[in-house]
Amino acid sequence: MSSSLRKEKLSAPSTSAAVAYTTAASLGATTATVDSTTATTADLIRDSTHLVKLQKAVGIASLGSNHKLANVIVPASELIKLIPTLRDLAQNKRAVVLHVPISSASDLSDVLSVRDSGCALLRSSSAQQAVDFALAAALSAQRLGTPFIHCFPESTGAQDIQVYGPLADSVEIASFMDSKQESEGALSPAETAFAMVSQALQLFDTEYSPITYAGAANASLVYVTFGAEVAAETLAEAGAVQISLLRPLNVQAIVEKLPQSTLRLVALEQVVQQPTPWGPMLFDLAAVLHSKEWDAQTERKRPIILDAVSAASPAAFSTQQLAQVTKHAVGLDSPAHFNPAQLVGVVEDGARAQSPADLSGLSLEEKRQRVESIPYGQLLRNMFKDRLNVANAAESQTIWGDAGRTETNPEFGFGQLATYERERAQLAQAVGEVLRDVNVPLSKALHSALSLWLGGRDNAAVATAKQASEISTLLEAEAGAHPALETIRRLRGRFEQRSNWLVGADEWAYDLGSSGVHHVIASGLNINMLVLDTAQYPFAAENKHGARKKDVGLYAMNYGTTYVASVAVYASYTQVLQALAEADAFPGPAVVVAYLPHSDGVFSSNYSPIDVLQQSKLAVDSGAWPLYRWDPLTRDSEKRFQLDSEKLRRSVQDFLKRENVLAAVGASEAQLSGGLSASEEKRTGARLARKARGDVDALVGGLSGPPLLVLFASDNGNAEEAARRIARQGRRRGMDVRCMGMDEFEVDELPFEKTVVVSVSTAGQGEIPTNGREFWKALQAASINLNETQFAVFGLGDSHYWPREEDAIFYNKPARDIDRKLAELGAQRIADLGLGDDQDADGWETGFGDFEQRLWSALNMDVVAGAGNEEEEHKRTDEENKVISNYLRGTIAQSIADTSCGYVDEWDGKLLKFHGTYMQDDRDLRAERMARGEEKAFSFMIRVRLPGGVATPEQWLAMDRLADEYGNQTMKITTRQTFQLHGVLKRNLRETMRGINRALMDTIAACGDVNRNVVASANPLQAHLQPEVARLAADISRHLLPSTSAYHEIWLDDKLVAGSAEQTSSVEDHEPLYGSAYLPRKFKIAIAIPPENDVDVVAYDLGFIAILDESEKEILGYNVMIGGGMGMTHNNRKTYPRLASCLGYVPKHLAVEIAEKVMLVQRDHGDRTNRKHARLKYTVDDHGMDWWREQVEERLGSKLEPARPFKFLRNGDRYGWVKSTPGLNNFTMFIQNGRVANFPGGKPLKSALAELAKAHQGNFRLTCNGHLILADVKDEDVPRMSELLAKHGLDNLDYSALRLHSMACAALPTCGLAMAESERYLPRLIDLLDKVIDEAGLRQDAIVIRMTGCPNGCARPYNAEIAFVGKAPGAYNLYLGGSHTGERLNKIYRETVTEEQILELLTPIIKQYALERNQGEHFGDFVIRKGIIKETREGKDFHDL
């Protein structure tokens, strides 16, 4: 046969190199080839989504679309780790080829271990074959949409191999890809794959076939190999079938290759470390001889099957040696196995484990020594090696059913393992306490090692024996350093994360309580059970003593917190490996029930493999022994149950119906008739579920108490906390409690719940919180009968949130609605509706205490001794989180490396703020995604530290690029004079941070409980002084910067860009200013140059007001202002905004030092117990200004001078062109609400500013009002820049003065705290108000107007002349009376007003202002003078009306 494919010779250093070259060069753009034999496992696939890292490895954005092809060279040793990935590839029909070099029998054993993964399995036997088969596998994978594993013999050293040129333009390849197989639709998957590979192999010069026969035509003994060629001249009178395509197994093709004269089939196998006494090929041959294809040949006698297993390649036997093997095999008259290499003296490349033998007559110690020969025992040892900890050491006895002995009883082993796990928990607690205690002297090495262990103690890859040894050595070196270390030293033997197993037999299933199985499952500890079922099929319901066997797997699944798998090593070896690995990784109890049929209580090497295979096959195929895996922690409920066999036992089906995961069963369920509606289907399933639950209750045998279902819907966490308290109290009373969000529960299952307690908070205008809306919709539409259900409802709300009489209906409306609806459906109310009110002395907890008392009294449930008496889980505080974070590290690095989800946990989320980023989600999509069962659309906001707001054009362009590449294609100029990016995905966080660093900026301390970005006047009247205050802002920021090197370790890999690093990462981590707990809350600093107050200087924790000489040429010093802050909570009078008070005056050379001293006083005396009372403003009001002055002066070592006079005239920006220093000019642009984006309707603001940045020779200055200054434009460049500004409409300042003095925070959709729109709504509202302004003739009169989506005050609303603070969607509190200069707080005028009401209220006031104002009188002053609003003199008066 001659091929027209273009050929060339390649001198390759190895077969792997030739395969890599061929797949890349020949397949060209249609493939991505990666040699992962030189990569780390982490570069492959190591996360729960599996495909993500593989996509990264092969460099393809999307695998599988249009059968796009990927080729990966993978070491055999990695295959077992990739089993979940291989199954995913097969299930999703990915066109991927894994090329696996084989250097030893061990490698081939690893390949055969994954033979049941669903991938096609092809083996080549020479270097040239490897190249040809690699292409054939790739083409077949692409054509079929089926993943292939192609293994080939690895050889090194120069070798000439024929390779092929690019195939894209090959007519033969095109014909192959377009051709259709005859009767293709009628072929089985195995026949289709066989035909496809056969056709692909015909493309080459050499004649290939997936299955070949060599030797005598009338041979009575035939060897069968997997892809290993046995030379015809060595066979003599024997024959050999070489199966190159082992999966899918084409039974018909094998039957046709075997001579009619065959009397003995010898599986000539090259494997090591097999857990079964027979090699994998033997079971394939047994399947062939008991197949319908074989049975169709009625004249043929079924041959005897023999298993010849060794570590030697079949090609290694000489003619004489093979003749000896043949002679030996001919003498065997019944199924047997032997080692042909040992028989004839062929050297093996690896030792094979001893085959199991009959254990009768052995001592207990001998049985212990030989237990690993039992298939599952050896599997455990092979997988977990030195980590394996089998507690009941005499496991062999339990396998044979003798569970009466102490050593073999699971309770005995459980006690050992429970002690180990609990001591590990004690060790973790001790380590945590030591790390938090600053008084315990730890070396940097020990602190680092303990922190690493604490963060990864449940990860076997982290908590290794090596790490344990290293920590022990460090502990010994510091012995006696502190008493707190003694507990850690005593428990140092518990550092290693071991794989804990109890191994037993089906005798355990007859009495789950006394056997200890129940205790293991109920413990919640990380203990695994391997329960071997040794019964013959069909299974008997009772044992010889008349006791009924219970389904251990079903029992464990009903517990709800246990990983469960059902496996059979003789049915799917690959599935067993996956199940054991998943059980080990599961953070809690795991039960693996394993089928191991035996005869008369004896499992020996002489037991017929045919019988074993038949028993396993019948049990699995009938559904009597289903293969499945159940992981209750999987987020996607449809993926919790994975069926790995075709049929499922009915009892398990009923369980799954109840758990609402029938989708996992797929086609194994009968199809419902077309006329059966979805709701009827659910109701039918619910009825079946009830029956199943009855069966389960009988199975459990009364071990659980009365059931209690606790449902919650909560936005801020309080309703969830109330629900979990009820759940904990229920467990203490011996109840069987389930606690979950409302939307996690199906309304149609309510009739089958005996007792239901609901905890629900109030959102917006009397709305159900987001995670309960789908439940409420379903409940409203339900037509169910709840006569057998009893219920109680507790609601959380604020009776003053909606103060108007007509709005009283919104108070706790969700709770009232649910309580009413449940009663309407027939449910029995066992306790009157409980109402928690934020206005009560203890908030919602006042009403909750009364509700709880009534609930437990109605249920008549007393606390049961020993039931659920675990300590209430300690809720970590923010202060503790900072202390144990190892200087802001936490587990951030691990969290951002985890690509299986888009979020980080609560505590890393809090630490990320110190690094300049907040986790957010798109709230526009939240309800829709939750309804689909998807996680929120998480992303991250990144804020830059930019002291003084000065940026170069290059930095602007860098931020513009990062916004496009990683953000949501917009930038935000914040109200604190810096850049903010939104929409950055977790996987892009690090690269975005690095991009900011490359632009000589950073984000550290832009957020968090530290000094944040220091702001300064951007465009003062005294232009020559701006550089000085900008430098001061930078000096203060640098001086107060955290010292930790965590920022550079996590984001920049400790490689600094020259000139950008203000971090001292080379210094040992400590915080000389902050300490390990940092500040109680955020700390903000501003610098202003009168008469411009463009920074709102008294709205900050610390403000510097520049005092100038008489000529205003020089700054002499600063008035120091302390105690400003905007944030508060609606209707909580203990929280309020405050403007700063003057501490005194300091010369300018003391400015940096005074900033430090003020911050240190707050560090030491700020409230660390209540974050709502932790800002510096409350510390000022708690202690008074005289006390503060004393504290600061004591630290400063000198007295502060009295304040000096100054005067502010405004707090807005100066728009348009203004003269700066001689020869330079500034232009201030109006950027509405600071949002830089290419807006629809032909307004490409972002692109326009990028073009401006490319032409600009000076700097940019960002203002605290969210606008942008084109700064330091030379006189000669003004015309050119003016032309550019005009070209893009950026010189258009023809806005009302009201709009020019407006400001809004970001709010929805990204801010998690927003209660209403802000940035997206204020422009529309101003459009409406502008009409009123124009009618009143006030278009050129400035009125400061601001809006926020929540009461936290990011846009500084409380010192604006008009302000709107979001309270609910479309509803705002309206404030009036702030100072035009920012020096006076406003006060609430009306609560909860809508757009229509806003216009009704403001229109007459604005018109009155136009008619009755005094000369030069500002709006805020006017409304106070006229008595429209009362003046607020200080923060504590803010709520007084």
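Residues numbered from 1 in each chain as written. Predicted model: local features only at pLDDT ≥ 70, side-chain atom pairs only at ≥ 80, totals over all residues. Heavy atoms only, no water.

When its secondary structure is counted, the chain shows 46 helices and 49 strands. Burial status across the chain gives 58% buried among its 1441 residues. Across the chain, the fraction of contacts at a sequence separation of at least 24, relative to all contacts at a separation of at least 6, is 73%. In the form shown here, the chain has an accessible surface area of approximately 57100 Å², with 48% of it arising from carbon and sulfur atoms. (Helix = DSSP H or I, 4+ residues; strand = E, 2+ residues; numbered from the N terminus. Buried < 20%, exposed > 50% of the residue type's maximum accessible area, 1.4 Å probe, protein only. Contact = heavy atoms within 4.5 Å. Areas by Shrake-Rupley, 256 points an atom, 1.4 Å probe, with all protein chains shown as cover.)

Turning our eyes to something else, we now look at the pattern of salt bridges. Per the stated rule, a full pass over the model turns up 72 salt bridges. A salt bridge links Glu720 to Arg724; the nearest nitrogen and oxygen atoms lie 3.0 Å apart. With Glu720 and Arg724 both in helix α26 (residues 718–732) and four residues apart, this pair spans about one turn of that helix. Through salt bridges with shared partners, one network takes in Asp878, Glu879, Lys882, Lys910, Asp1009, Arg1168 and Arg1171. (Salt bridge = Lys/Arg side-chain N within 4 Å of Asp/Glu carboxyl O.)

As for its position among the elements, His1380 is in the loop between β48 (1371–1376) and β49 (1387–1393). Of note is the side chain of His1380, whose polar atom sits 2.9 Å from the side chain of Glu1361. With residues near it in sequence (within four places) discarded, His1380 still touches Leu1209, Arg1210, Asn1211, His1301, Ala1342, Val1344, Glu1361 and His1418. (Polar contact = N/O pair within 3.5 Å; in protein donor to acceptor, adjacent residues only side chain to side chain.)

All right, on to the sheet that holds strand β32 (residues 979–984) then. Taken in spatial order, the five strands make up an open sheet running β28-β29-β32-β31-β40, and their pairing is antiparallel. Whereas interior strands pair on both sides, the edge strands pair on one side only; in this sheet they are β28 (917–921) and β40 (1235–1236). Note that strand β31 (residues 971–973) and β40 share two bridges and pair antiparallel. Its bridge partner being in β40, Lys972 is matched across the sheet by Arg1235. (Pairing = 2+ DSSP bridges.)

Here we take up unusual backbone geometry. The amide bond that connects Pro1090 to the next residue, Pro1091, takes the cis arrangement and shows omega of 10 degrees. Take Pro1091: it is sitting in the loop between β34 (1085–1088) and β35 (1102–1108). Residues Leu1308 and Pro1309 are joined by a peptide bond in cis, for which omega reads 10 degrees. The topology assignment puts Pro1309 in the loop between β45 (1302–1304) and α44 (1322–1336).

This paragraph deals with helix α45 (residues 1395–1412). For α45, spanning 18 residues, the distance from its first C-alpha to its last is 26 Å, which sits close to the expected 26 Å at 1.5 Å a residue. Where α45 is concerned, the buried positions are Ile1398, Leu1401, Leu1402, Thr1403, Ile1405, Ile1406 and Tyr1409. (Expected span 1.5 Å × (residues − 1).)

All right, on to the pairing of strand β17 (residues 528–533) then. Most of β17 sits out of view: six of its six residues are buried. Of the two faces of β17, the one holding Asn528, Leu530 and Leu532 and the one holding Met529, Val531 and Asp533 are both buried throughout. As judged from the six bridges shared by β17 and strand β19 (residues 590–595), these two strands associate in the parallel manner. From the neighbouring strand, Met529 faces β19, where its bridge partner is Val591.

So, on to the environment of His1048. You can see His1048 is positioned in helix α37 (residues 1046–1052). His1048 sits 54 residues away from Arg994 along the chain, and the two C-alpha atoms are 9.5 Å apart.

The strand order β33-β34-β35-β36-β37 describes an open sheet built from five strands, whose pairing is mixed. The open sheet is flanked by β33 (1015–1016) and β37 (1141–1147), the only strands paired with a single partner. Note that β35 and strand β36 (residues 1115–1122) share seven bridges and pair antiparallel. Each residue of the ladder has a partner; that of Phe1104, found in β36, is Val1120. Along the sheet, helix α38 (residues 1151–1165) makes contact with β34, β35, β36 and β37, crossing β35 at roughly 155 degrees. Against the sheet, helix α40 (residues 1185–1196) makes contact with β36 and β37, and its axis sits at roughly 25 degrees relative to β37, the strand it touches most. (Axes fitted to C-alpha atoms, helices over the stretch in contact; angles between N-to-C directions.)

Our next topic: the confidence of the model for the chain. For any part of a model where pLDDT is low, the fine detail of the predicted coordinates should not be relied upon. Averaged over the chain, the pLDDT score is 82; the fraction of residues at 70 or greater is 82%. Note on residues 29–33: pLDDT is under 50 here. Beyond four places in sequence and across chains, it has 16 contacts. (pLDDT = per-residue confidence, 0-100.)

On to the pairing of strand β4 (residues 96–102), then. Of all seven residues in β4, seven are buried; the element is thus mostly enclosed. Pairing geometry for strand β3 (residues 70–73) and β4, over four bridges, is parallel. Within β4, the position partnered with Val72 by the bridge is Leu98. Where β4 and strand β6 (residues 148–153) come together, six bridges link them in parallel fashion. Bridging from a neighbouring strand, His99 pairs with His150 of β6.

Attention now moves to the environment of Ala219. Within the secondary structure, Ala219 sits in the loop between β8 (211–215) and β9 (221–226). The class for Ala219 is buried, based on a relative accessible area of 0%. With 40 residues separating them along the chain, Ala219 and Pro259 place their C-alpha atoms 6.7 Å apart. With sequence-adjacent residues up to four places away left out, Ala219 is seen in contact with Tyr213, Glu237, Ala238, Gly239, Pro259, Ser261 and Thr262.

With that out of the way, let us pick up the packing of aromatic side chains. In total, this model carries 28 aromatic pairs according to the counting rule given. With centroids separated by 5.7 Å and ring planes inclined at 80 degrees, the aromatic side chains of Phe1104 and Tyr1118 adopt a geometry described as edge-to-face. Note that Phe1104 is positioned in strand β35 and Tyr1118 in strand β36, a separation of 14 residues in sequence. For Phe1104, a relative accessible area of 0% corresponds to the buried category. For Tyr1118, a relative accessible area of 1% puts it in the buried group. Judged by centre distance (5.3 Å) and plane angle (65 degrees), the ring pair of Phe1206 and Phe1208 falls under edge-to-face. Classification of Phe1206 as partly exposed rests on a relative accessible area of 33%. Using a relative accessible area of 4% as the deciding quantity, one classes Phe1208 as buried. (Phe/Tyr/Trp six-rings, centres within 6.5 Å; stacked < 30°, edge-to-face > 60°.)

Turning to the packing of helix α27 (residues 773–781) against helix α28 (residues 813–824), a few remarks are in order. Put simply, α27 and α28 touch, their axes get as near as 10 Å, and they point 35 degrees apart. Handedness of the α27/α28 crossing: left-handed. Contact residues: α27 offers Trp776, Leu779 and Gln780, while α28 offers Asp817, Ile818, Arg820, Lys821 and Leu822. Residues belonging to the contact of α27 with α28 are distributed by class as follows: four nonpolar, one polar and three charged. (Left-handed = near helix turned anticlockwise from the far one by under 90°. Nonpolar A, V, L, I, M, F, W, Y, C, P; charged D, E, K, R; others polar.)

Before going further, it helps to examine the environment of Tyr223. If you trace the backbone, Tyr223 turns up in strand β9. Residues Tyr223 and Asp307, spaced 84 residues apart in sequence, show a C-alpha to C-alpha distance of 9.7 Å. Non-local contacts of Tyr223, meaning those with residues more than four positions away in its chain, are made with Leu235, Ala238, Gly239, Ala240, Val241, Val266, Leu268, Leu322, Val325 and Thr326.

This part takes up helix α17 (residues 444–456). The end-to-end C-alpha distance of α17 is 18 Å, a good match for the 18 Å that 13 residues give at a rise of 1.5 Å each. For α17, every residue scored as buried is listed here: Leu446, His447, Ala449, Leu450, Ser451, Trp453, Leu454 and Gly456.

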